[in-house]
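# Report on the structure
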Amino acid sequence: ASMSNTLRLTALVWQEGEEFVSLCPEADVASFGATIDEALAMLREALEVHFSDTDVPELPAHGEPIMTTVNVEVPGTAA
């Protein structure tokens, strides 16, 4: 019997068109779904598959991540 550990990973979710995209930056694994919950469930499944044949990384302990947005001024093209 294989031992199992629970990893606490970051999950980012955003809407693209009609779908929600989910991404785990630590593992660089992404998925999607019709709802946020579905996108997270699909991401969890994709991560379980990913870690079934990839070594589990040594992750630094960190606090709860905050995801937000920032507005950045970038050079525009001259009109």
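Residues numbered from 1 in each chain as written. Predicted model: local features only at pLDDT ≥ 70, side-chain atom pairs only at ≥ 80, totals over all residues. Heavy atoms only, no water.

### Observations regarding the overall build of the protein
Helix and strand content of the protein: one helix and three strands. Starting at the N terminus, the α and β elements of the protein follow one another as β-β-β-α. Taking 79 residues into account, the globule formula puts the C-alpha radius of gyration at 12 Å, and the protein, at 16 Å, lies well above it. Across its three principal axes, the protein shows a C-alpha extent of roughly 65 × 30 × 20 Å. (Helix = DSSP H or I, 4+ residues; strand = E, 2+ residues; numbered from the N terminus. Rg over C-alpha atoms; globule rule 2.2 N^0.38 Å.)

### Some details on the nonpolar core
Cys-24, Ala-27, Val-29, Leu-43, Leu-47 and Phe-51 together form the largest nonpolar core, which totals six residues. Take this core: its biggest share by element is three residues, from helix H1 (residues 36–52). The contact partners of Leu-43, leaving out residues within four places of it in the chain, are Ala-11, Ser-22, Leu-23, Cys-24, Val-29, Ala-30 and Ser-31. (Core = buried A, V, L, I, M, F, W, Y, C linked by side-chain atoms within 4.5 Å. Buried < 20%, exposed > 50% of the residue type's maximum accessible area, 1.4 Å probe, protein only. Contact = heavy atoms within 4.5 Å.)

### Topic: the pattern of salt bridges
Close approach of charged atoms lets side chains of opposite charge pair. Under the counting rule described, the total for this entry stands at one salt bridge. Between Glu-64 and Arg-8 there is a salt bridge whose closest N-O contact spans 2.9 Å. Linking Glu-64 in the segment after H1 with Arg-8 in the segment before strand S1 (12–16), this pair joins segments that are 56 residues apart in sequence. By relative accessible area, Glu-64 is classed as exposed at 58%. Looking at Arg-8, the relative accessible area reads 67%, which means it is exposed. (Salt bridge = Lys/Arg side-chain N within 4 Å of Asp/Glu carboxyl O.)

### Some details on the pairing of S1
Two strands pair when backbone bridges link them, and S1 and strand S2 (residues 19–24) are joined in this way by five bridges, in the antiparallel orientation. Of the residues in S2, the one forming a bridge with Leu-12 is Leu-23. Adjacent in sequence and paired antiparallel, S1 and S2 are bridged by two residues, among which Gly-17 carries a positive phi angle near 65°. (Pairing = 2+ DSSP bridges.)

### Digging into a negative patch on the surface
On the surface, a cluster of negative charge is contributed by Glu-16, Glu-18, Glu-19 and Glu-38. Note that Glu-16 resides in strand S1. A relative accessible area of 48% means that Glu-16 is categorised as partly exposed. (Patch = residues over 30% accessible without salt bridge, like charges linked within 9 Å, V, L, I, M, F, W, Y side chains within 5 Å. Areas by Shrake-Rupley, 256 points an atom, 1.4 Å probe, with all protein chains shown as cover. Lys, Arg positive; Asp, Glu negative; His and termini not counted. Charge placed at Lys NZ, Arg CZ, Asp CG, Glu CD.)

### Here's the deal with the environment of Glu-19
Summarising the element assignment, Glu-19 is placed in strand S2. Note on Glu-19: relative accessible area 39%, which makes it partly exposed. For the pair Glu-19 and Ile-36, spaced 17 residues apart in the sequence, the C-alpha separation amounts to 8.6 Å. Every residue in contact with Glu-19, bar those within four places of it in the chain, is listed here: Trp-14, Phe-32 and Gly-33.

Everything listed here is a matter of coordinates, which is why it stays silent on function.
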